[in-house]
Amino acid sequence: MDEKRASGRYYTRGNPFQLEPFQTWAKEINLAQQITLEPFAGAKDIPQLIDAAHLRGRDWALFDIAPGTKEVVQRDTLADFPKGFNVCITNPPWLARNSATRRGLPFPDATDYDDLYKYALEQCLTHCGWVAAIIPEAFIRSGLFLQRLRDFISLVPQTQQGETEKNKTRDTSYMFEDTEHPVGLALFTPDATSDVSIWRNNQLLGGLNELRRHLPRPSSNRKIVFNDPKGNLGLIAIDNTVSASIRFCPPAELGDYPIRVHCRSITKIGVPWHVDIDMLNTRLATIREKTHDVFLTAFKGIRRDGHYRRRLDWALARSIIDVNDLDPQLEMNME
Ligand SMILES: C[S@@+](CC[C@H](N)C(=O)[O-])C[C@H]1O[C@@H](n2cnc3c(N)ncnc32)[C@H](O)[C@@H]1O
């Protein structure tokens, strides 16, 4: 497992290239005429998926530091990126820096990024005009490389048709064989884009700028104190496995639940005014509905209703609680 982790080697499974936004992107670049670069080609899964999606490139240039098949050329593409390609379709290695440190795995000195995939993606974008990359879903909250990003598709495994709720199994569109890590497909263009279209599989959720308008104003109100054992507000900050269940609650409901400084899932919050819990939950529900959870971190595990489980981070929770700073636009939406 650690050997796989060291090279960020989780091969692509499922086929995101059948999705509409990718098909549109591929038509626009006239994929059939292109020699496409796959700089982290592993066992050559991506070219096969492109074929299976009834798309065909003119040819492929395939590289990997540890080729999974003889058609892939051995090369450290992070140190020596192949030049002269206009189109790149890849699933780069990903490895969190802190995970590398914890496990004693090597991490390139050449970058300050907190994850290897960001560095790999930067290399692709520096050397290629058109880039399609399968990367962690959290990318869309990182604020990186937005200038040339045109579409971002949150890839959510679909339940198979015709199954009963109880017997539901997921098809193989979990993007990685070894993990159920939430992933997305990012589609970049050579030129600056005016906004990013956000998709959930084939469903267009909206433009990133438009979705952002439904967020409350950021709050830096430090009088709202998280992990306060005597707090007057409770927060269950992660969804359960069934539905969108994040909610504020009376602190008594959490009983003697030990409030730990590093806990990011259940907390008591000290708010120096009377809190209207129902109103906060309504606010949260409206934000979730209007933003389609794009700004909430997804984590491993699909809810029974078919969506990723989500976490509400402290920064967004703080801005929801800080009603004294209510955005007039949001107030209107809530009426
Ligand atoms: C997430 S896997 C993806 C493999 C393939 N693209 C797929 O989708 O099935 C990442 C790949 O990057 C390769 N890799 C990691 N570091 C590399 C480097 N410095 N140069 C070239 N390939 C590298 C790994 O060997 C692994 O095959």
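Predicted model only: the values in this text are computed from it and were never measured.

1. A look at the overall build of the chain
Along its length, the chain carries nine helices and 15 strands. Each of the 335 residues in the chain was classed as buried or not, and the buried ones make up 52%. Sequence-distant contacts in the chain: of pairs separated by 6 or more residues, those separated by 24 or more amount to 73%. Of the roughly 16100 Å² that the chain leaves accessible, carbon and sulfur atoms contribute 49%.

2. Section: the state of the cysteines
With the rule as written, the count across this model stands at zero disulfides. Of all cysteine sulfurs in the structure, the one in Cys124 sits closest to Cys88, which takes part in no disulfide; the separation is 3.8 Å. A residue is classified by how much of its surface remains accessible, and Cys88, at 0% relative accessible area, is buried. Residue Cys128 stays outside any disulfide, its sulfur separated by 4.6 Å from that of Cys88, the closest cysteine. A residue is classified by how much of its surface remains accessible, and Cys128, at 3% relative accessible area, is buried.

3. A few points about the side chain of Arg309
Looking at where Arg309 falls in the secondary structure, it is placed in strand β15 (residues 308-311). Within the buried core, Arg309 has no salt-bridge partner, and the shortest N-O distance to an opposite charge, that of Asp239, equals 6.5 Å. The residues contacting Arg309, other than those within four sequence positions of it, are Ile238, Asp239, Asn240, Thr241, Thr297, Ala298, Phe299, Lys300, Gly301 and Arg303.

4. Regarding the sheet that holds strand β3 (residues 73-74)
Strands pair in a sheet through their backbones, by hydrogen bonds, and they do so in one of two ways: parallel or antiparallel. Sheet architecture is open: nine strands sit in the order β3-β2-β1-β4-β5-β7-β6-β8-β9, paired in mixed fashion. A single partner strand is all that each edge strand has here, and the edge strands are β3 and β9 (203-207). Summarising the sheet, strand β4 (residues 87-90) and strand β5 (residues 130-136) pair through four bridges and their orientation is parallel. Directly across from Ile89, in β5, lies its bridge partner Ala132. Where helix α3 (residues 45-52) meets the sheet, its contacts fall on β1 (35-38), β2 (59-64), β4 and β5, and the angle it forms with β2 comes to roughly 150°. Strands β4, β5 and β7 (183-188) of the sheet are contacted by helix α5 (residues 116-127), whose axis makes an angle of about 175° with β5.

5. Notes on the environment of Thr77
You can see Thr77 is positioned in the loop between β3 and β4. Of the residues examined, Thr77 reaches a relative accessible area of 3% and is grouped as buried. Separated by 37 residues in sequence, Thr77 and Phe40 have C-alpha atoms that sit 7.5 Å apart. Sequence-distant contacts of Thr77, defined by excluding residues within four places in its chain, comprise Pro39, Phe40, Phe63 and Pro82.

6. Considering the pairing of β2
By the criterion of burial, β2 is predominantly enclosed, with five of the six residues buried. Pairing geometry for β1 and β2, over four bridges, is parallel. The residue bridging Leu37 from the neighbouring strand is Ala61, located in β2. In this view, the connection linking β1 to its parallel neighbour β2 by way of α3 has right-handed handedness.

7. A short note on the packing of helix α7 (residues 277-291) against helix α8 (residues 314-321)
One way to put it is that α7 packs onto α8 with a least axis distance of 10 Å and a crossing angle of 125°. Accordingly, the angle class assigned to the pair α7 and α8 is oblique. For the pair α7 and α8, the crossing hand works out as right-handed. Along its contact with α7, which presents Leu280, Arg283, Leu284 and Ile287, the element α8 presents Ser319, Ile320 and Ile321. Partitioning the contact of α7 with α8 into residue classes produces five nonpolar, one polar and one charged.

Rules behind the numbers
- Residues numbered from 1 in each chain as written.
- Predicted model: local features only at pLDDT ≥ 70, side-chain atom pairs only at ≥ 80, totals over all residues.
- Heavy atoms only, no water.
- Helix = DSSP H or I, 4+ residues; strand = E, 2+ residues; numbered from the N terminus.
- Buried < 20%, exposed > 50% of the residue type's maximum accessible area, 1.4 Å probe, protein only.
- Contact = heavy atoms within 4.5 Å.
- Areas by Shrake-Rupley, 256 points an atom, 1.4 Å probe, with all protein chains shown as cover.
- Disulfide = S-S within 2.5 Å.
- Lys, Arg positive; Asp, Glu negative; His and termini not counted.
- Salt bridge = Lys/Arg side-chain N within 4 Å of Asp/Glu carboxyl O.
- Pairing = 2+ DSSP bridges.
- Axes fitted to C-alpha atoms, helices over the stretch in contact; angles between N-to-C directions.
- Right-handed = clockwise from strand over helix to strand, strands pointing away.
- Parallel < 35°, antiparallel > 145°, perpendicular 65-115°, else oblique.
- Left-handed = near helix turned anticlockwise from the far one by under 90°.
- Nonpolar A, V, L, I, M, F, W, Y, C, P; charged D, E, K, R; others polar.

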